[in-house]
Amino acid sequence: MDTGALNSYLPLYVRAFFLTVRIGWTGIALSLAIGIAGAFVLHFKVPVLSKVIKAYVELFRNTPLLVQLFFIYFGLPKAGIAIPAETCGILGLGLLGGSYMTESLRSGLDAVPVSQTESALALGFTKRRIFMYVILPQAVISTMPAVMANIIFLLKETSVFSAISLMDLMFTAKDLIGLYYDTTECLFLLVVFYMIMLLPVSMLGSFVEKKVRFGIYGDQV
Amino acid sequence: MSPVIESIGIDVLFKGNNMMRLLSGLMAALKISMISVVLSIVIGLVLGMLMTLNKPAIKVVSRIYLETVRIMPQMVLLFIVYFGATKAMGLNLSAETASIIVFTFWGSAEMADLVRGALISIPVIQYESSYALGMTGLQTYLYVIIPQTVRRLLPLAINLITRMIKTTSLVMMIGIVEVLKVGQQIIEANRKSSPNAAFGVFATVFLLYFIACWPISLLSRYLEKKAA
């Protein structure tokens, strides 16, 4: 491997890395916001809204991010809605992630056994308190592994942003390979930067999964 | 044609055989995903069963394999195999072969993890009870463990198929002419006559993927409910 080439490419990769991380985590924050709102709507069966959320979840869970981005970035401007590339990336990732998060968080809320609600009612809890002190803590803990898995999935999905000409890690690698043919060096740096981005999150995920195994109640031992 | 249809660029789809071209593009992508799905399921089943054996060497290797697949985006793997293999080993892989290798490598890991998860979720008491009833090891596997494992595994495995179909859209990035690429070609060719084609074409591609994946998702959910 040519260390000179590595050194000269490094700054480009660092810049692309920060762009990828920024878009990735902003998109994840957006997807969590959508997911929390969506899960509440579905859990409380809000009349019209829950139908809309259901349709949205189905639509975005069953289409690839690349196709969604193409539609948002190249298609929507023709209908008069032009969005800059970076916002497109965040929006696409947020919408895709939002559908996954909604599904995970909703199943967490619904998975708390009815006997928990009934016991709390018998103890004289109000509806609001049952939700705050009985349902929510259990639901949050039981969905943590799924949420972590979604975050890892979304961070990996950031690799398609190069398709809408965002200068992310993939774009940089492809560009440099095309320009200088230092394929080995470029791919090596690409792998290293993705490892820096994902390995800590993956390790945190495994740690969380181990921790919450003690947080499961009832007869699931 | 009505002005509304033209203004959102759906009209291109009715020109010539454009719709057929889009569909054949989708088929090109689906072919790659189906070959990878079949290979992944077979390899994943074997690997998953191997992983439940308590052999340290297998544990270490499978751990590294699963972790690699877990943190490396499929796009990166595609680039490594498609561009890297040519450079490092002088192999001149076609884009199709490279993508089948990558999706099988990735799918097998996912499948193996599902198989392992389903196998270890069967309580030890099931094995013990079977032995107490005088069943042999093979009988225990055939009549007690496998039926329960399959019921847990099936919805998850089918869900993996939809994920693999969705991921195949990435192959356009290494130059395979699939549905998105065909879409781009159609838009380019009709740039003058229908400038708004991008909206109609990409909306159609979006819907095509949805039509391909949604029934499989529904089947997976139905089986999951039935197994519970």
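Look up a bit, the structure's there.
These figures come from a predicted structure and were not determined experimentally.

Whenever I open this one, the overall build of chain B confuses me. Can you help?
The number of helices and strands found in chain B is nine helices and zero strands. Scanning chain B from its N terminus toward the C terminus, one meets helices and strands in the order α-α-α-α-α-α-α-α-α. Relative to a compact globule of 228 residues, whose C-alpha radius of gyration would be 17 Å, chain B shows 22 Å and is clearly more extended. Projected onto the principal axes, the alpha-carbon positions of chain B cover approximately 75 × 45 × 25 Å.

When you look at the overall build of chain A in this model, what are you seeing that I'm missing?
Within chain A one finds eight helices and zero strands. Going residue by residue from the N terminus, the α and β elements of chain A occur as α-α-α-α-α-α-α-α. By its C-alpha atoms, chain A is 70 × 45 × 20 Å across when sized along the principal axes. Taking all 221 residues of chain A together, 48% fall into the buried category. Pairs at least 24 apart in sequence give 80% of the contacts found in chain A among residues at least 6 apart. Summed over all atoms, the accessible surface of chain A reaches about 10,900 Å², with 69% contributed by carbon and sulfur. When the 16 positive and 13 negative side-chain charges of chain A are each reduced to one mean point, those points stand 12 Å apart.

What is the right way to look at the interface of chain B and chain A in this model?
A common way to report how large an interface is uses the accessible area buried once the components associate. Between chain B and chain A, the residue contacts involve 36 residues of the former and 39 residues of the latter. Of the roughly 3,600 Å² buried where chain B meets chain A, counting both sides, 71% is carbon and sulfur surface. Together, Arg-70, Ile-71 and Phe-206 of chain B form the three largest contributors to the area buried by chain B at its contact with chain A, with a combined 19%. Linking chain B with chain A are one salt bridge, by the criterion used here. A salt bridge links Glu-58 of chain A to Arg-221 of chain B, with the nearest nitrogen and oxygen atoms 2.8 Å apart. Joining chain B to chain A, the criterion identifies eleven residue pairs in polar contact (both at pLDDT 80 or more). Among the elements of the structure, helix 3 (56-71), helix 4 (74-89), helix 8 (179-189) and helix 9 (197-227) of chain B are those that each provide at least two residues to the side of chain B that touches chain A.

What am I meant to see in the pattern of salt bridges here?
When the charged atoms of two side chains lie near each other, side chains of opposite charge can form a pair. All names here are of chain A. In this structure the tally under the stated criterion is ten salt bridges over all chains. Here Arg-22 and Glu-86 are joined by a salt bridge, their closest N and O atoms 3.0 Å apart. Residue Arg-22 is found in helix 1 (residues 3-43), and its partner Glu-86 is found in helix 4 (residues 85-111); the two are separated by 64 residues along the sequence. Measuring nitrogen to oxygen at the nearest pair gives 2.8 Å for the salt bridge that ties Arg-106 to Asp-110. Here Arg-106 pairs with Asp-110, and both are found in helix 4, just four residues apart, close to one helical turn.

Just to check I follow, could you spell out unusual backbone geometry for this structure?
Positive phi values are uncommon outside glycine, yet Lys-45 of chain A reaches one of about 50 degrees. If you trace the backbone, Lys-45 of chain A turns up in the loop between helix 1 and helix 2 (47-61).

Looking at this structure, how should I read the side chain of Ser-194 of chain B?
Relative to the helices and strands, Ser-194 of chain B resides in the loop between helix 8 and helix 9. Setting aside anything within four residues of it in sequence, one finds Ser-194 of chain B in contact with Asp-11, Val-12 and Lys-15 of chain B.

Got a minute to help me understand the packing of helix 3 (residues 65-75) of chain A against helix 9 of chain B in this structure?
Two measures define how a pair of helices packs: the angle their axes make with one another and the distance between the axes. Running from N to C, helix 3 of chain A and helix 9 of chain B point in directions that differ by 165 degrees, and their axes come no closer than 9 Å. Overall, the two elements helix 3 of chain A and helix 9 of chain B adopt an arrangement that is roughly antiparallel. Between helix 3 of chain A and helix 9 of chain B lies a crossing of left-handed hand. In contact with Val-67, Gln-68, Phe-70, Phe-71, Phe-74 and Gly-75 of chain A of helix 3 of chain A, helix 9 of chain B contributes Ala-198, Phe-199, Phe-202, Ala-203, Val-205, Phe-206 and Tyr-209 of chain B. Tallied by class, the residues present in the contact of helix 3 of chain A with helix 9 of chain B amount to eleven nonpolar, two polar and no charged.

Before we go on, may I ask you to explain a nonpolar patch on the surface in this structure?
All names here are of chain A. Residues Ile-36, Phe-40, Phe-44, Val-46, Val-48, Leu-49 and Val-52 make up a contiguous nonpolar surface patch of about 610 Å² in total accessible area. If you list the elements that add at least two residues to the nonpolar patch, you get helix 1 and helix 2. The element contributing the most residues to the nonpolar patch is helix 2, with three residues. You can see Leu-49 is positioned in helix 2. Among the residues examined, Leu-49 registers a relative accessible area of 45% and is labelled partly exposed.

Looking at this structure, I do not really get the environment of Glu-178 of chain B. What am I missing?
All names here are of chain B. For Glu-178, the location among the structural elements is in the loop between helix 7 (137-167) and helix 8. In this structure Glu-178 comes out as buried when scored by relative accessible area, which is 0%. Sequence spacing of Glu-178 and Met-111 is 67 residues, and the spatial spacing of their C-alpha atoms is 25 Å. Setting aside anything within four residues of it in sequence, one finds Glu-178 in contact with Gly-25, Ala-29, Ser-169, Val-171, Met-172 and Tyr-209. Engagement of the side chain of Glu-178 in a polar contact is seen with the backbone nitrogen of Leu-180, the distance being 3.1 Å.

Before we go on, may I ask you to explain the packing of aromatic side chains in this structure?
For any pair of aromatic rings, geometry is given as the distance between the ring centres together with the angle between the planes. Residue and element names in this part refer to chain A. This structure, assessed with the given rule, holds 21 aromatic pairs over all chains. Geometrically, the ring pair formed by Tyr-9 and Tyr-180 is stacked, given 5.9 Å between the ring centres and 25 degrees between the ring planes. Separated by 171 residues along the polypeptide, Tyr-9 in helix 1 and Tyr-180 in helix 7 (residues 169-180) bring together distant segments of the chain. Tyr-9 sits in the buried class, given a relative accessible area of 5%. According to the relative accessible area criterion, Tyr-180 is partly exposed, its value standing at 48%.

The rules behind each value
- Residues numbered from 1 in each chain as written.
- Chains lettered and ligands numbered in written order.
- Predicted model: local features only at pLDDT ≥ 70, side-chain atom pairs only at ≥ 80, totals over all residues.
- Heavy atoms only, no water.
- Helix = DSSP H or I, 4+ residues; strand = E, 2+ residues; numbered from the N terminus.
- Rg over C-alpha atoms; globule rule 2.2 N^0.38 Å.
- Buried < 20%, exposed > 50% of the residue type's maximum accessible area, 1.4 Å probe, protein only.
- Contact = heavy atoms within 4.5 Å.
- Areas by Shrake-Rupley, 256 points an atom, 1.4 Å probe, with all protein chains shown as cover.
- Lys, Arg positive; Asp, Glu negative; His and termini not counted.
- Charge placed at Lys NZ, Arg CZ, Asp CG, Glu CD.
- Buried area = accessible area lost by both parts, 1.4 Å probe.
- Salt bridge = Lys/Arg side-chain N within 4 Å of Asp/Glu carboxyl O.
- Polar contact = N/O pair within 3.5 Å; in protein donor to acceptor, adjacent residues only side chain to side chain.
- Axes fitted to C-alpha atoms, helices over the stretch in contact; angles between N-to-C directions.
- Parallel < 35°, antiparallel > 145°, perpendicular 65-115°, else oblique.
- Left-handed = near helix turned anticlockwise from the far one by under 90°.
- Nonpolar A, V, L, I, M, F, W, Y, C, P; charged D, E, K, R; others polar.
- Patch = residues over 30% accessible without salt bridge, like charges linked within 9 Å, V, L, I, M, F, W, Y side chains within 5 Å.
- Phe/Tyr/Trp six-rings, centres within 6.5 Å; stacked < 30°, edge-to-face > 60°.

In short, shape yes, function no, at least from these values alone.
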